[in-house]
Amino acid sequence: MIASHLLAYFFTELNHDQAQKVDKYLYHMRLSDETLLEVSQRFEKEMEKGLGADTNPTASVKMLPTFVRSTPDGTEDGDFLALDLGGTNFRVLRVKVSDNGLRKVEMENQIYAIPEELMRGSGVQLFDHIAECLANFLDKLQIKDKKLPLGFTFSFPCHQTKLDESILVTWTKGFKCSSVEGRDVVSMLRKSIKKRGDFDIDIVAVVNDTVGTMMTCGYDDQNCEVGLIVGTGTNACYMEEMRHIDLVEGDEGRMCINMEWGAFGDDGVLNDIRTEFDREIDMGSLNPGKQLFEKMISGMYMGELVRLILVKMAKDGLLFGGRLTPDLLTTGHFETRFVSAIEKEKEGLQKAHEILSKLGLEPSHEDCVATLRICQIVSTRSAALCGATLAAVLRRIRDNKGGDRLRSTVGVDGSVYKKHPHFARRLHKTVRKLLPDCEIRFIRSEDGSGKGAAMVTAVAYRLAAQHQARQKILEPLKLSHEQLLEVKERMRMEMEKGLGKEMHEEATVKMLPTYVCSTPDGTEKGDFLALDLGGTNFRVLLVRVRNGMRRGVEMHNKIYSIPVEIMQGTGEELFDHIVHCISDFLEYMGMKGVSLPLGFTFSFPCQQNNLDEGILLKWTKGFKATGCEGEDVVGLLKEAIHRREEFDLDVVAVVNDTVGTMMTCGYEDPYCEVGLIVGTGSNACYMEEMRNVELVEGDEGRMCVNMEWGAFGDSGCLDDIRTEFDVAVDELSLNPGKQRYEKMISGMYLGEIVRNILMDFTKKGLLFRGRISERLKTRGIFETKFLSQIESDCLALLQVRSILQHLGLESTCDDSIIVKEVCTVVARRAAQLCGAGMAAVVDKIRENRGLDFLKVTVGVDGTLYKLHPHFSTVLQETVKELSPKCEVTFLQSEDGSGKGAALITAVACRIREAGQR
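Anyway, here's the lowdown on the structure attached to this text. (Residues numbered from 1 in each chain as written. Predicted model: local features only at pLDDT ≥ 70, side-chain atom pairs only at ≥ 80, totals over all residues. Heavy atoms only, no water.)

**Notes on the overall build of the chain**
And then number 1: When its secondary structure is counted, the chain shows 29 helices and 26 strands.
And then number 2: For 917 residues, the compact-globule formula gives about 29 Å, and the C-alpha radius of gyration of the chain, at 39 Å, lies well above that figure.
And then number 3: When the backbone C-alpha atoms are referred to their principal axes, the chain occupies close to 125 × 70 × 55 Å.
And then number 4: A buried classification covers 57% of the 917 residues belonging to the chain.
And then number 5: Considering only contacts in the chain between residues 6 or more positions apart, those separated by 24 or more positions represent 71%. (Helix = DSSP H or I, 4+ residues; strand = E, 2+ residues; numbered from the N terminus. Rg over C-alpha atoms; globule rule 2.2 N^0.38 Å. Buried < 20%, exposed > 50% of the residue type's maximum accessible area, 1.4 Å probe, protein only. Contact = heavy atoms within 4.5 Å.)

**What about the pattern of salt bridges?**
And then number 1: Per the counting criterion, the structure on display carries 79 salt bridges.
And then number 2: In this structure, Lys844 and Glu688 form a salt bridge, with 3.2 Å as the shortest nitrogen-oxygen distance. Taken together, the residues Lys844 in helix α26 (residues 813–848) and Glu688 in strand β23 (residues 682–689) connect sequence positions 156 residues apart. Each of the two residues, Lys844 as well as Glu688, counts as buried.
And then number 3: When the shortest N-O distance is used, the salt bridge between Asp760 and Lys764 registers 3.0 Å.
And then number 4: Its relative accessible area of 48% is what places Lys764 among the partly exposed residues. (Salt bridge = Lys/Arg side-chain N within 4 Å of Asp/Glu carboxyl O.)

**Focus: the pairing of strand β21 (residues 650–655)**
And then number 1: Within β21, five of the six residues are buried, which leaves the element mostly enclosed by the surrounding structure.
And then number 2: Relative to β21, strand β18 (residues 597–602) runs parallel, the two sharing five bridges. Pairing of Gly599 across the sheet is with Ala653, part of β21. (Pairing = 2+ DSSP bridges.)

**Topic: the sheet that holds strand β11 (residues 254–258)**
By way of backbone hydrogen bonds, the strands of a sheet pair with one another, either parallel or antiparallel.
And then number 1: Read across the open sheet, the six strands follow the order β1-β11-β10-β9-β12-β13; overall the sheet is mixed. Since the sheet does not close on itself, it has two edges, and those belong to β1 (64–65) and β13 (439–444), each with one partner.
And then number 2: By the bridge criterion, two bridges tie β1 to β11 in an arrangement that is antiparallel. By the bridge assignment for β11, Pro65 is matched with Ile257.

**Thoughts on the environment of Lys497**
And then number 1: Tracing the backbone through its elements, the reader meets Lys497 in helix α16 (residues 481–499).
And then number 2: Accessibility expressed as a relative area gives 31% for Lys497, which makes it partly exposed.
And then number 3: On a C-alpha basis, the gap between Lys497 and Ala507 in space is 5.6 Å, while along the polypeptide they are 10 residues apart.
And then number 4: Among residues more than four places away in sequence, those in contact with Lys497 are Met503, His504 and Ala507.

**What to know about the sheet that holds strand β16 (residues 537–546)**
And then number 1: If you trace the five strands from one edge of the open sheet to the other, you get β17-β16-β15-β18-β21, paired in mixed fashion. Both outer strands of the open sheet, β17 (552–561) and β21, are each paired with one neighbouring strand and no more. In this sheet, adjacent strand axes meet at a mean angle of 20° when their direction is disregarded.
And then number 2: In terms of strand pairing, strand β15 (residues 526–533) meets β18 through five bridges, oriented parallel. The residue bridging Leu529 from the neighbouring strand is Leu598, located in β18. (Axes fitted to C-alpha atoms, helices over the stretch in contact; angles between N-to-C directions.)

**Examining the side chain of Asp184**
And then number 1: Considering the arrangement of structural elements, one finds Asp184 in the loop between β7 (165–168) and α5 (185–196).
And then number 2: Look at Asp184: it is buried, it has no salt bridge, and the nearest opposite charge is Arg190 at 5.5 Å.
And then number 3: Looking at Asp184, its side chain comes within polar contact range of the main-chain nitrogen of Ser166, at 3.0 Å. (Lys, Arg positive; Asp, Glu negative; His and termini not counted. Polar contact = N/O pair within 3.5 Å; in protein donor to acceptor, adjacent residues only side chain to side chain.)

**Here we look at the pairing of strand β10 (residues 234–241)**
And then number 1: Among the eight residues of β10, eight are classified as buried, and the element is accordingly described as predominantly covered.
And then number 2: With burial as the criterion, each face of β10 is covered, one bearing Thr234, Ala236, Tyr238 and Glu240 and the other bearing Asn235, Cys237, Met239 and Glu241.
And then number 3: With five bridges joining them, strand β9 (residues 224–230) and β10 adopt antiparallel strand pairing. Its bridge partner lying in β10, Gly227 is registered against Cys237.
And then number 4: Hairpin connection from β9 to β10: three residues lie between these consecutive antiparallel strands.
And then number 5: In this structure, β10 lies alongside β11, joined through five bridges in antiparallel fashion. What sits directly across from Glu240, in β11, is Met255.

**So, the packing of aromatic side chains**
The geometry of two aromatic rings is summed up by the distance between their centres and the angle between their planes.
And then number 1: Within this structure, the stated rule accounts for 24 aromatic pairs.
And then number 2: Centroid distance Phe712 to Tyr741: 5.1 Å. Interplanar angle 70°. Geometry classified as edge-to-face. A residue pair is termed long-range when its members are at least 10 positions apart, and Phe712 in the loop between β24 (702–706) and α21 (724–731) and Tyr741 in helix α22 (residues 740–745) qualify at 29 residues. The pair Phe712 / Tyr741 is uniform in exposure class, with both members buried.
And then number 3: The interplanar angle of 85° and the centroid separation of 5.9 Å between the aromatic rings of Phe782 and Phe786 together place this pair among those described as edge-to-face.
And then number 4: Of the aromatic side chains, those joined through ring pairs into one cluster are Phe152, Phe154, Phe156, Trp171 and Phe175. (Phe/Tyr/Trp six-rings, centres within 6.5 Å; stacked < 30°, edge-to-face > 60°.)

**Some points on helix α4 (residues 123–141)**
And then number 1: Between its terminal C-alpha atoms α4 stretches 27 Å, which fits the 27 Å expected from 19 residues at 1.5 Å a residue.
And then number 2: Gly123, Leu126, Phe127, His129, Ile130, Ala131, Cys133, Leu134, Ala135, Phe137 and Leu138 are the residues of α4 that are buried.
And then number 3: Of the residues trailing α4, Gln142 is marked for its positive phi of about 55°. (Expected span 1.5 Å × (residues − 1).)

**Thoughts on a negative patch on the surface**
And then number 1: Taken together, the side chains of Glu572, Glu573, Glu631 and Glu639 present a region of like negative charge at the surface.
And then number 2: Here Glu639 shows up in helix α19 (residues 633–644). (Patch = residues over 30% accessible without salt bridge, like charges linked within 9 Å, V, L, I, M, F, W, Y side chains within 5 Å. Areas by Shrake-Rupley, 256 points an atom, 1.4 Å probe, with all protein chains shown as cover. Charge placed at Lys NZ, Arg CZ, Asp CG, Glu CD.)

**Digging into the side chain of Lys488**
And then number 1: Relative to the elements of secondary structure, Lys488 occurs in helix α16.
And then number 2: Reaching out from Lys488, the side chain makes a polar contact with the side chain of Asp843 at a distance of 2.4 Å.
And then number 3: If we skip the residues at most four places from it in the chain, Lys488 touches Ala836, Ala839, Ala840, Asp843, Leu882 and Ser883.

**So, unusual backbone geometry**
And then number 1: One non-glycine residue, Glu260, lies in the positive phi region at around 55°.
And then number 2: You can see Glu260 is positioned in the loop between β11 and α7 (276–283).
And then number 3: At Glu708, a residue that is not glycine, the phi angle is positive and equals roughly 50°.
And then number 4: Inspection of the secondary structure puts Glu708 in the loop between β24 and α21.

**A word on the packing of α16 against α26**
The geometry of a pair of packed helices is captured by two quantities: the angle between their axes and the separation between those axes.
And then number 1: For the pair α16 and α26, the least separation of the axes is 8 Å and the interaxial angle reads 55°. When the axes of α16 and α26 are compared, the pair comes out oblique. Seen from above, α16 lies across α26 with right-handed handedness. Between α16, through Leu484, Val487, Lys488, Met491, Arg492, Met495, Glu496 and Leu499, and α26, the contact on the second element is made entirely by Gln832, Leu833, Ala836, Gly837, Ala839, Ala840, Val841, Asp843, Lys844 and Glu847.
And then number 2: The residue inventory of the contact of α16 with α26, partitioned by class, reads 10 nonpolar, two polar and six charged. (Parallel < 35°, antiparallel > 145°, perpendicular 65-115°, else oblique. Left-handed = near helix turned anticlockwise from the far one by under 90°. Nonpolar A, V, L, I, M, F, W, Y, C, P; charged D, E, K, R; others polar.)

**Considerations on α16**
And then number 1: Compared with an ideal rise of 1.5 Å per residue, which puts 19 residues at 27 Å, α16 spans 27 Å between its outermost C-alpha atoms and is within 8% of the ideal.
And then number 2: Taken together, the buried positions of α16 are occupied by Leu484, Val487, Lys488, Arg490, Met491, Arg492, Glu494, Met495, Gly498 and Leu499.
And then number 3: Residues of α16 that are buried sit in contact with β23, β24, α22, α26 and α28 (871–882).

**Remarks on the environment of Ser192**
And then number 1: Position of Ser192 relative to the elements: it lies in helix α5.
And then number 2: Along the sequence, Ser192 and Gln125 sit 67 residues apart, while their C-alpha atoms lie 8.9 Å from each other.
And then number 3: Apart from the residues lying within four places of it in its own chain, the contact partners of Ser192 are Val124, Phe127, Asp128 and Ala131.

Below is the structure:
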């Protein structure tokens, strides 16, 4: 008993000594964690080089764009063909993908040989042979009459320019067909098929087997965004952000990059970790100096590395008693499958004995132990190097997404990964060590080169079908030049109705006279007060207007809040509170007891009968103070001033904020005769000829008309361009049927229109993989400021995704592009409709004056106009297209409601003084 224990102990010690001896000898092949991290970082730099336009020509890792822009989402459906050519055999497959909740893939395939003479004949002969085999396959399945889409796996170095165009760079793997290199293999195959004329197929995609691997796994796991092959050769691909791919136009979305990583190190960056054995293998290979990384890793070289080490150790008298045999000295006689066999848990040493004996050696137990250790060191180094570069790829994906953690899946194929007993485990371990905070799943691909090509085709088909479906839904929101001209004409007709006495009652565009009859001429001067009441806050301003050399406007203001109980109390309380605030302000400015002219911006619907008389028609924005509707607000303010008996003010003008905007800009630019607001709401005003303003006596001069244009379309005249989404937004608003034009163009509603479209897309499975979040169902959740943010050009799709995440929407990169497109379409339509209305206004001014050409300025204010990245540009383009006889300048207003009210007062005082003189 004791003897056997001793024997076992003796053997263990012996094994241990032997292993240590090998470890010492091969110490260069055992890579520390620091070295692996260093390799990983070097690889990341190489990736950068391959992606850059200037650095790509000299980069060793080529980072080829594949034009595959999306991975499967599981809803792919249909019947596809695949062709797989990558060696002496080639396969034809039929792949049926069905999505009825069960996600099923059925495959039938047939293998055809390629005779030696065809591999070295002409290209035409090769493709004619492939077309003949295809015909045979279709015949056998009796589907020759169907035109099926086909994906073509062509595993040779190619330069791709489109998904269905691939130029062969060089033949490899024993092929030498003439006049194919430098030509597009798809068009050659198409020619051969056409020449036969007995069937027709639609070649949709050419793929490399690595991409096929990623796509096959991506169908089962939608997190899969990396493909890896470790077999005879090695390569990887992954989904990169378009903005980083200099070699392809466009910045939106992602594209799969075929890295061709076997060539890592060809520029010398791995020289410090390559050993004498790596150099020897390279010297004896078919392509010295090329694919140096692949030669340290892949199945084609692993056995050979072990053989070279065995030979050297034997020569140094460390193995086989210094004996060598002709078999051991022959290149390729130690196969990679031997490495897998020797490393198997139980029978490894026995296998080593068998294999070494077959090579004519008489191995001792120590020799077998040493051989096992050599195999372990070679295959461990291979897995570790592979893990280091893979970690670099995953790190890059994580950084692209802007997170600290990453959950991702790698699809893997290849004989070394699948058949070597420990390779996979060691690879996973290295990745985990280098990326401790990431959750990486590995799945084995089943038939990446066949099924994968069909998957790429299925995804391309799905994307095309979904794109078409979305375009169809968005079509009604895209307005043609003719439609916009029609809107302009209708606005013009509604304006005429509002101006005329007979039609005014039933007109939707009210065209209210403002009694502002002149814009600033620059001679205004003096101190003026302005009040600005239009919401829960209220401002008092002192505006000093100077003329002459020091012409300009100096402003001081203070903001006061209006408590809810006052907003909803009595009118007396409200106006007493306002006067109390004015009194506080005058004291604050040290102007107590001074009587100043005052302009009052009152942004509620009013009917004006004079410049200083505005009858409140109805409260909005949450105000409910009693005893005000139907009353003149200037009268109410004057009464409150008298009640206080502290100061006296000369209330000169009541104004609406749109008019204030026009006046503010008019002070800067004498051509400014139009005011426009596009913010939460929308409205416009302009200088109309008195003779056309039938509601006011007198025909001389001009008067500013407050159009209240938001109600354009309330009569139904825009129904033919309103979409189902506009109707939905209108029906659920606080004032259904009212302000229809405003609901198509202003900030309060655009986000809601977008939300309704996104809901529709999602219900139809065209977005967010058909999953509607509770947040998306919430009205008003998609704020208009998001439109401005999403469309801003400097914003990467990453930020679009974080906005969507904030809305509880798990979005892919493709989803972000779609959301951005919807925002663009909705905002563009808003700007165009607004431009059509504006074109009607400037053309009316031109015709009023009988001019062939009008130069005019529009003063603009409002958050949508100021903050949205493209709204102003589209608006201006539209006006230019629809009113070619007008040169329209747009000037942004600064503080129309405060400064504007003071300027109206200043102009009124100037005119009054001139009249008195």
